[in-house]
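# An overview of the molecular structure
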Amino acid sequence: MASRRKFIQQSAVAAAGWALLPSTSWAIGTNGFESKRPPLAERNFTSEAVEATIQRVKKQIADPELAWLFENCFPNTLDTTVELEMINGKPDTYVITGDIDAMWLRDSTAQVWPYLPLINEDKKLQTLIAGVINRQKHCIQLDPYANAFYKDVTKESEWKSDITAMKPGIHERKWEIDSLCYPIRLAYHYWKLSGDASVLDADWVNTIRLTVKTFKEQQRKNGDGPYTFQRTTSWATDGVPISGYGYPVKPVGLICSTFRPSDDVTLFQFLIPSNFFAVISLKQAAEILNTLKLDAELAAECTALAAEVEKALQQYAVVNHAKFGKVYAFEVNGFGSFHLMDDANVPSLLSLPYLGAVKPGDPVYAATRRYILSTENPFFFKGKAAEGIGGPHGGNYTIWPMSIIMRGITSNDPAEVKKCLQMLKATHADTGFMHEAFHKDDATKFTRKWFAWANTLFGELVLHTHKKYPAILAAKL
């Protein structure tokens, strides 16, 4: 399988051609659009609850193309990316991203997240998600600093020559705070919804212990810590300066993230969205540890660390913008330097309410939202095809559908939600799926034909709209 970076390079050239390939669809719906799902026998996993939800919601969508997109995208993770088996009597679910045959801790959580509300209706689906949690525990215990893993430990990574502590079973070893937050988010909400604590075993407690240890190491109060990363590459966003430690930070209580959730290197290592995510994740871990009486001492450590990071965010995360007033910085270094922008990948500043990290009515978030959805954000692009946030990973002038989706999910304005759905409908380049990124002026110039996170997240937006603003779906866009 291609790497994420290589796939971007190749797909930028090939995307227009893909749109012309013969369809591999298997059925034509009553709306005249051909289903892009695999035939039933070729799907990796089928959930009765998911299928019932698709049929129920489709009936409430007046726009046939939007209904078609929802039916293609929402089940894409289950249709094409999951591999469930029983290992030592426990479910184990390996989740690839789509076109890359590796499992990211972030992506695997985000890909199954929209199915969580359905687990009490479908025990098979509950088992599958329990398996994701079990697989994530295995990955974190292999290396809490790695971001992506293989199920087959004999598989050789193309990044094997990276100058970092690579080991068998690791696809890539980029340190990103959110890689340790997403598994807590999944386990916490799985437990809250299902009441099943079987996945919250000794291995899970050990992953929390490793998470706290890693977070504390990356507060860098006692030197730079054990993690370094260097790569021989022409891509500047894949290289880490200062012998692989990154630019210096002042130890103020925040946590360093060498890379962003886009897998691009940070400029200033105190990545604000990820530190917000760490606070909520540590609080969730502490609640589980206390409620289930798993480890009171570790729970206290989680609570104390969350409070320390939260206090540091209050002191260092907010900066003054000449036009928008008090806003959240994207990155800071503790010395007074800050970086103003936002990136499409989640956690982002835009996504903070979605993650439960800030309240939607937070005035600083509201100002930040106005900023990042304006051309003052260097990675907000407006073009003939659409408008939205991109990032260095996809290159200049490219918009990520994920950012449009997140804008819709976090909006309290039905007109804005409708606008987001209209843009997404207009930019799938006749493929029936979401992509990683597309050119602001030409949606047929896109990257990643098969990107399950974006597909499933689009399904979540439709479900969110169906629940909150059903009148939008009741009329054609």
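First things first, this report covers the structure right here in the doc. (Residues numbered from 1 in each chain as written. Predicted model: local features only at pLDDT ≥ 70, side-chain atom pairs only at ≥ 80, totals over all residues. Heavy atoms only, no water.)

## Some thoughts on the overall build of the protein
Note the cut-off: The secondary structure listing takes helices from DSSP runs of H or I that are at least 4 residues long and strands from runs of E that are at least 2 residues long, numbered from the N terminus. As a reference, a globule follows 2.2 Å times the number of residues to the power 0.38, and the radius of gyration itself is taken over C-alpha atoms. Exposure categories follow from relative accessible area, calculated using a 1.4 Å probe and restricted to protein chains: below 20% of the type maximum is buried, above 50% is exposed, and the middle band is partly exposed. Contacts were defined at the residue level, with two residues in contact if any of their heavy atoms lie within 4.5 Å. Only the protein chains shown count as cover for residues, and the accessible areas themselves come from Shrake-Rupley with a 1.4 Å probe.
Of the regular secondary structure elements, the protein holds 15 helices and 15 strands. What you see for the protein is a C-alpha radius of gyration of 21 Å, in line with the 23 Å of a compact globule of 477 residues. The principal-axis extents of the C-alpha atoms in the protein amount to approximately 65 × 55 × 45 Å. The burial tally for the protein puts 61% of its 477 residues in the buried class. At a minimum sequence separation of 6, the contacts of the protein that also span at least 24 residues come to 68%. Accessible surface, the protein as shown: approximately 18100 Å² in total, 54% of it carbon and sulfur.

## Description of the sheet that holds strand S6 (residues 270–271)
Stated precisely, the cut-off is as follows: For two strands to be treated as a pair, DSSP must find at least two bridges joining them.
Read across the sheet, three strands follow the order S6-S9-S10 without closing on themselves; strand pairing throughout is antiparallel. Each edge of the sheet is formed by a strand with only one pairing partner; in this case those strands are S6 and strand S10 (338–339). Alignment of S6 against strand S9 (residues 331–332), held across two bridges, turns out to be antiparallel. By the bridge assignment, Phe270 is partnered in S9 with Val332.

## Points about the environment of Ile119
Counting through the fold element by element, Ile119 comes out in the loop between helix H5 (105–112) and helix H6 (123–142). Setting aside its immediate chain neighbours within four residues, Ile119 contacts Leu125, Gln126, Ile129, Tyr190, Leu193 and Ser194.

## Quick word on a nonpolar patch on the surface
In plain terms, the rule: Exposure above 30% relative accessible area and the lack of any salt bridge qualify a residue for a patch; like charges then connect within 9 Å, and the nonpolar side chains Val, Leu, Ile, Met, Phe, Trp and Tyr within 5 Å. Salt bridge criterion: a side-chain nitrogen from Lys or Arg within 4 Å of a carboxyl oxygen from Asp or Glu.
Judged by side-chain polarity, Ile242, Tyr247 and Leu267 come together as a nonpolar surface patch covering roughly 280 Å² of accessible area. Checked against the element boundaries, Leu267 lands in the loop between helix H8 (202–217) and S6.

## Section: the environment of Asp201
Positionally, Asp201 belongs in the loop between helix H7 (178–194) and H8. Along the backbone, Asp201 and Leu294 are 93 residues apart, and their C-alpha atoms lie at a distance of 8.4 Å. With sequence-adjacent residues up to four places away left out, Asp201 is seen in contact with Lys90 and Lys137.

## Points about the packing of aromatic side chains
Put simply, the test is: Two rings from Phe, Tyr or Trp (for Trp, the six-membered ring) form a pair when their centres are within 6.5 Å of each other. A pair whose planes differ by under 30 degrees is stacked, one over 60 is edge-to-face, and the rest are tilted.
By the definition in use, this model includes 15 aromatic pairs. Each ring, one from Trp175 and one from Phe215, has its centre 6.4 Å from the other, and the planes form 55°; the classification is tilted. Placement of Trp175 in the loop between strand S5 (170–172) and H7 and of Phe215 in helix H8 is noted, with a sequence separation of 40 residues between them. Relative accessible area serves as the criterion here: at 1%, Phe215 is assigned to the buried category. Taken together, a centroid distance of 5.0 Å and an interplanar angle of 85° make the contact between Tyr182 and Phe277 edge-to-face.

## Digging into the side chain of Asn134
Within the secondary structure, Asn134 is located in helix H6. When neighbours within four sequence positions are excluded, Asn134 is seen to be in contact with Lys90, Pro91 and Val199.

## Side note on the sheet that holds strand S13 (residues 398–399)
If you walk across this open sheet you meet the three strands as S13-S14-S15, and the pairing is antiparallel. Across the chains shown, the open sheet's two edge strands, defined by having one partner strand only, are S13 and strand S15 (442–447).

## A closer look at unusual backbone geometry
Note on backbone geometry: most residues besides glycine have negative phi, and most peptide bonds are trans. The omega torsion of the bond from Val346 to Pro347 falls at 15°, within 30 degrees of zero and hence cis. Structurally, the position occupied by Pro347 is in the loop between S10 and helix H11 (363–372). Despite not being glycine, Arg220 has its phi angle at roughly 55°, a positive value. By the secondary structure assignment, Arg220 is in the loop between H8 and S6. Of the residues examined, Arg220 reaches a relative accessible area of 7% and is grouped as buried.

## What to know about the pattern of salt bridges
Evaluation of the coordinates by the stated rule reveals 37 salt bridges. Of the charged contacts, one joins Lys58 and Glu71 as a salt bridge, the two residues approaching to 2.7 Å between their closest N and O atoms. Taken together, the residues Lys58 in helix H2 (residues 48–58) and Glu71 in helix H3 (residues 64–73) connect sequence positions 13 residues apart. Salt-bridge contacts for Arg209 lead to Asp295; the nearest nitrogen and oxygen are separated by 2.8 Å. Pair noted here: Arg209 is in helix H8 and Asp295 is in the loop between helix H9 (272–291) and helix H10 (296–316), with a separation of 86 residues, a long-range link. Owing to a relative accessible area of 39%, Arg209 belongs among the partly exposed residues under this scheme. We classify Asp295 as buried; its relative accessible area is 18%. It is possible to trace a salt-bridge network through shared partners that takes in Arg369, Lys382, Glu387, Arg407, Glu416 and Lys419.

## Points about the pairing of strand S8 (residues 325–328)
Where strand S7 (residues 318–321) meets S8, four bridges bridge the pair, whose relative direction is antiparallel. Bridge pairing in S8 links Val318 to Tyr328. Hairpin connection between S7 and S8: a loop of three residues separates the two successive antiparallel strands.

## Considerations on the pairing of strand S2 (residues 90–95)
The buried fraction of S2 is high, at five of six residues. For strand S1 (residues 82–87) and S2, the ladder comprises six bridges, and the chain directions are antiparallel. Along S2, the bridge assignment pairs Val82 with Val95. Between S1 and S2, which pair antiparallel in sequence order, lie two residues; one of them, Asn88, sits at a positive phi of approximately 55°.

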